[in-house]
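So the chains spell out like this:
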Amino acid sequence: MLRLGTPTEAVRHWRRRAILRSGFLGAVGLAATEITALVAPFIRVNRIEGLGKPVAVGTKVQVLEVFSSTNDRPILFREGRFFLLHAPGGIIAAYRKCTHLGCAVPWSDAEDRFHCPCHSSEYDKHTAIVLRIPAPKPLQLFHITESAEGQLIVDTNPLRVIDRTGEWDPSVIEITDT
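Residues numbered from 1 in each chain as written. Predicted model: local features only at pLDDT ≥ 70, side-chain atom pairs only at ≥ 80, totals over all residues. Heavy atoms only, no water.

1. Description of the overall build of the protein chain
Right, so step 1: Along the protein chain, the regular secondary structure elements total two helices and 11 strands.
Right, so step 2: Taking 2.2 N^0.38 as the reference for a compact globule, 178 residues should give roughly 16 Å; the C-alpha atoms of the protein chain span a radius of gyration of 30 Å, well beyond that estimate.
Right, so step 3: Across the 178 residues in the protein chain, those meeting the buried criterion constitute 34%.
Right, so step 4: If you average the places of the 21 positive and of the 19 negative side-chain charges in the protein chain, the two averages end up 22 Å apart. (Helix = DSSP H or I, 4+ residues; strand = E, 2+ residues; numbered from the N terminus. Rg over C-alpha atoms; globule rule 2.2 N^0.38 Å. Buried < 20%, exposed > 50% of the residue type's maximum accessible area, 1.4 Å probe, protein only. Lys, Arg positive; Asp, Glu negative; His and termini not counted. Charge placed at Lys NZ, Arg CZ, Asp CG, Glu CD.)

And the structure:
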């Protein structure tokens, strides 16, 4: 047992303990705050804006005019995360997600094809089939319908995509050129 001679020594001893206790509790509180600040952003669910909603892209005539004036350059719709492509015989909507690891696939004007920045997969500009691996299959396609007013509507629900194998299949065209 510790014996303290004078009352001032006892006060100093208890102050030291109080200071150490306060310092320890402060360090534990700071660590808990830092951990919470690091983990909290991952707990919150992020909404993906645009994906899953129907997106109006214009009339068939308007879309075909854009294709003819730009040498069939794909038309990007950031809202729904897809490209409209002028496939042989019609119009298709390709989901921008790479089938290899899910990276966003941009259009490359210099190469005249889609080029994934993650692992260099390449896709055809008309059919979205794989030109260069490691992508295992073509870009997935969204369904397109034509409304009564003539507007093309792309269904961007990722649970209803058209999944394909390696070869081009004209049966996936829902909006024809004619």
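2. Things to note about unusual backbone geometry
Right, so step 1: Positioned with a positive phi, Asp72 is a non-glycine residue whose angle comes to about 60°.
Right, so step 2: By the secondary structure assignment, Asp72 is in the loop between helix 2 (60-69) and strand 2 (75-77).

3. Some thoughts on the side chain of Thr127
Right, so step 1: On the secondary structure map, Thr127 appears in the loop between strand 7 (122-123) and strand 8 (130-132).
Right, so step 2: Here Thr127 falls in the buried class, since its relative accessible area comes to 5%.
Right, so step 3: A polar side-chain atom of Thr127 sits 2.9 Å from a polar atom in the side chain of Asp124. (Polar contact = N/O pair within 3.5 Å; in protein donor to acceptor, adjacent residues only side chain to side chain.)

4. Digging into the confidence of the model for the protein chain
Right, so step 1: Confidence in the prediction of the protein chain, expressed as mean pLDDT, is 88, and 91% of residues score 70 or more.
Right, so step 2: Across the protein chain, element-level confidence peaks in strand 4 (residues 90-95) with a mean pLDDT of 96 and bottoms out in helix 1 (residues 7-43) with 84. (pLDDT = per-residue confidence, 0-100.)

5. What about helix 2?
Right, so step 1: For helix 2, the full list of buried residues reads Lys60, Val63, Leu64 and Phe67. End-on view of helix 2: buried residues confined to an arc of 95°, all on one side of the axis. For helix 2, the exposed residues set more than 90 degrees away from the buried face come down to Val61 and Ser69.
Right, so step 2: Of the surrounding elements, those touching the buried residues of helix 2 are strand 1 (54-59), strand 2, strand 3 (82-87), strand 4, strand 10 (151-155) and strand 11 (175-176).
Right, so step 3: Looking at the residues trailing helix 2, positive phi occurs at Asn71, about 60°. (Arc of directions from axis to C-beta. Contact = heavy atoms within 4.5 Å.)

6. Some thoughts on the sheet that holds strand 8
Right, so step 1: In spatial order, the strands read 5-6-7-8; together these four strands make up an open sheet with antiparallel pairing. Sheet topology places strand 5 (107-108) and strand 8 at the edges, where each strand pairs with a single neighbour.
Right, so step 2: With two bridges connecting them, strand 5 and strand 6 (residues 113-115) associate as antiparallel partners. Bridge pairing in strand 6 links Ser108 to Arg113. (Pairing = 2+ DSSP bridges.)

7. Observations concerning the side chain of Asp72
Right, so step 1: Buried within the structure, Asp72 lacks any salt-bridge partner; Lys125 is the closest side chain of opposite charge, at an N-O distance of 5.8 Å.
Right, so step 2: A polar contact of 2.8 Å, which involves the side chain of Asp72, links it to the side chain of His86.
Right, so step 3: Setting aside its immediate chain neighbours within four residues, Asp72 contacts Phe67, His86, Lys125 and His126. (Salt bridge = Lys/Arg side-chain N within 4 Å of Asp/Glu carboxyl O.)

8. Examining the pattern of salt bridges
Where charged atoms from two side chains of opposite charge come close, those side chains can pair.
Right, so step 1: Here the structure, examined in full by the defined rule, presents six salt bridges.
Right, so step 2: Across the pair Glu122 and Arg132 runs a salt bridge, and its minimum N-O distance is 3.7 Å. In this pair, Glu122 is assigned in strand 7 and Arg132 in strand 8, connecting sequence segments 10 residues apart.
Right, so step 3: Residue Glu122 is classed as buried on the basis of its relative accessible area of 8%.
Right, so step 4: With a shortest N-O distance of 2.3 Å, Asp155 and Arg160 are connected by a salt bridge.
Right, so step 5: In the salt-bridge network here, residues are joined through shared partners; they are Arg113, Glu122 and Arg132.

9. Description of the state of the cysteines
Right, so step 1: This model, assessed by the stated rule, comprises one disulfide.
Right, so step 2: With its sulfur 1.9 Å from that of its partner, Cys103 forms a disulfide with Cys118. When the S-S torsion is -110°, as for the bridge of Cys103 with Cys118, the disulfide is left-handed. In this pair, Cys103 is assigned in the loop between strand 4 and strand 5 and Cys118 in the loop between strand 6 and strand 7, connecting sequence segments 15 residues apart.
Right, so step 3: The class of Cys103 is buried, set by a relative accessible area of 16%.
Right, so step 4: Given the relative accessible area of 37%, Cys118 is considered partly exposed.
Right, so step 5: For Cys98, which is in no disulfide, the shortest distance to another cysteine sulfur is to Cys116 and amounts to 3.8 Å. (Disulfide = S-S within 2.5 Å.)

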